[in-house]
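# Survey of secondary and tertiary structure
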Amino acid sequence: MCYSINKIKGLGVGTKMEEFIRLLDEHLDYIRHEIIGDTIYIYVKSNRDEVLCPYCGQPSSRRHSAYERSFQDLPIMGKKTKIILSNRKMFCCNPDCSHITFAETFDFISTKSKKTKRLLDKIVDVSLSVSSLTAANILKDGIADIGKSTICNLLKKRYPPSEERNGHKSMY
């Protein structure tokens, strides 16, 4: 899904960008953006008061530190989109938890992923109808920075090879 920059232009750009970011996740606040070459960089931060520990489920509001996490999202007006998230690391308040600290997580992106789930879905959609090399070339032109080996690995994860077909191991 691509969004028109025309809806973002004009008075109240911050407010419009805030609305756009909330489409990704209601727990994100827009900080600023900049356009450099063929890429829009959008800076965001979490607005949650408490974060659940992914290991024990205990809520925590004790911040340990923060770091920048960047990842690609769907393009805006033909420009690649990179989101830079000020991600928090939190202390777990549960003395019985196996972890002292944990990083805040979000539903729209997997842990350690460099692409949002919706961008990965778009990559798979494009890749299913053409070769991985052709898909990489199509996607590099205004959608996402990706190589053919990354596409192959993504397809293997989404569509694991069948164990055996007619007595032979097969990729698909």
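Residues numbered from 1 in each chain as written. Predicted model: local features only at pLDDT ≥ 70, side-chain atom pairs only at ≥ 80, totals over all residues. Heavy atoms only, no water.

Further remarks concern the packing of helix α2 (residues 117-127) against helix α4 (residues 148-158). Packing of α2 against α4 brings their axes to within 10 Å, and their N-to-C directions diverge by 100°. By the angle class used here, α2 and α4 are roughly perpendicular. Between α2, through K117, L120, D121, I123, V124 and S127, and α4, the contact on the second element is made entirely by I151, L154, L155 and R158. Residues belonging to the contact of α2 with α4 are distributed by class as follows: six nonpolar, one polar and three charged. (Axes fitted to C-alpha atoms, helices over the stretch in contact; angles between N-to-C directions. Helix = DSSP H or I, 4+ residues; strand = E, 2+ residues; numbered from the N terminus. Parallel < 35°, antiparallel > 145°, perpendicular 65-115°, else oblique. Contact = heavy atoms within 4.5 Å. Nonpolar A, V, L, I, M, F, W, Y, C, P; charged D, E, K, R; others polar.)

Turning to the packing of aromatic side chains, a few remarks are in order. With the rule as written, the count across this model stands at two aromatic pairs. Ring geometry for F71 versus F108: centroids 5.6 Å apart, planes at 50°, classification tilted. Separated by 37 residues along the polypeptide, F71 in strand β5 (residues 63-76) and F108 in the loop between β7 (101-103) and α2 bring together distant segments of the chain. Ring centres of F106 and F108 lie 5.6 Å apart, and the angle between their planes is 40°; this geometry places the pair in the tilted category. Taking relative accessible area as the criterion, F106 reaches 5% and is therefore assigned buried. Put simply, the rings of F71, F106 and F108 touch in pairs and so form one group of aromatic residues. Sitting above the plane of the Y43 ring, R32 keeps its charged end 3.9 Å from the centroid. Its guanidinium or amino end placed over the ring of F91, R62 lies 4.5 Å from that ring's centre, counting from NZ or CZ. (Phe/Tyr/Trp six-rings, centres within 6.5 Å; stacked < 30°, edge-to-face > 60°. Buried < 20%, exposed > 50% of the residue type's maximum accessible area, 1.4 Å probe, protein only. Lys NZ or Arg CZ within 6 Å of the ring centre and 35° of its normal.)

In this structure, I21, L28, I42, V44 and F108 are the most contacted members of the largest nonpolar core, which totals 16 residues. Secondary structure elements with two or more residues in this core: α1 (13-24), β1 (28-36), β2 (39-46), β5 and β6 (79-91). At four residues, the largest contribution of residues to this core is made by α1. Grouped together as the second largest cluster of nonpolar side chains are 15 residues, L74, L119, L120 and L154 included. (Core = buried A, V, L, I, M, F, W, Y, C linked by side-chain atoms within 4.5 Å.)

This paragraph deals with the side chain of K80. For K80, the location among the structural elements is in strand β6. On the basis of relative accessible area, K80 is assigned to the buried category, the value being 8%. Side chain to side chain, K80 and D145 meet in a polar contact 2.6 Å long. Residue contacts for K80: discarding those within four places in its chain leaves D38, T39, I40, K140, G142, I143, A144 and D145. (Polar contact = N/O pair within 3.5 Å; in protein donor to acceptor, adjacent residues only side chain to side chain.)

Worth remembering: the numbers are spatial, not functional.
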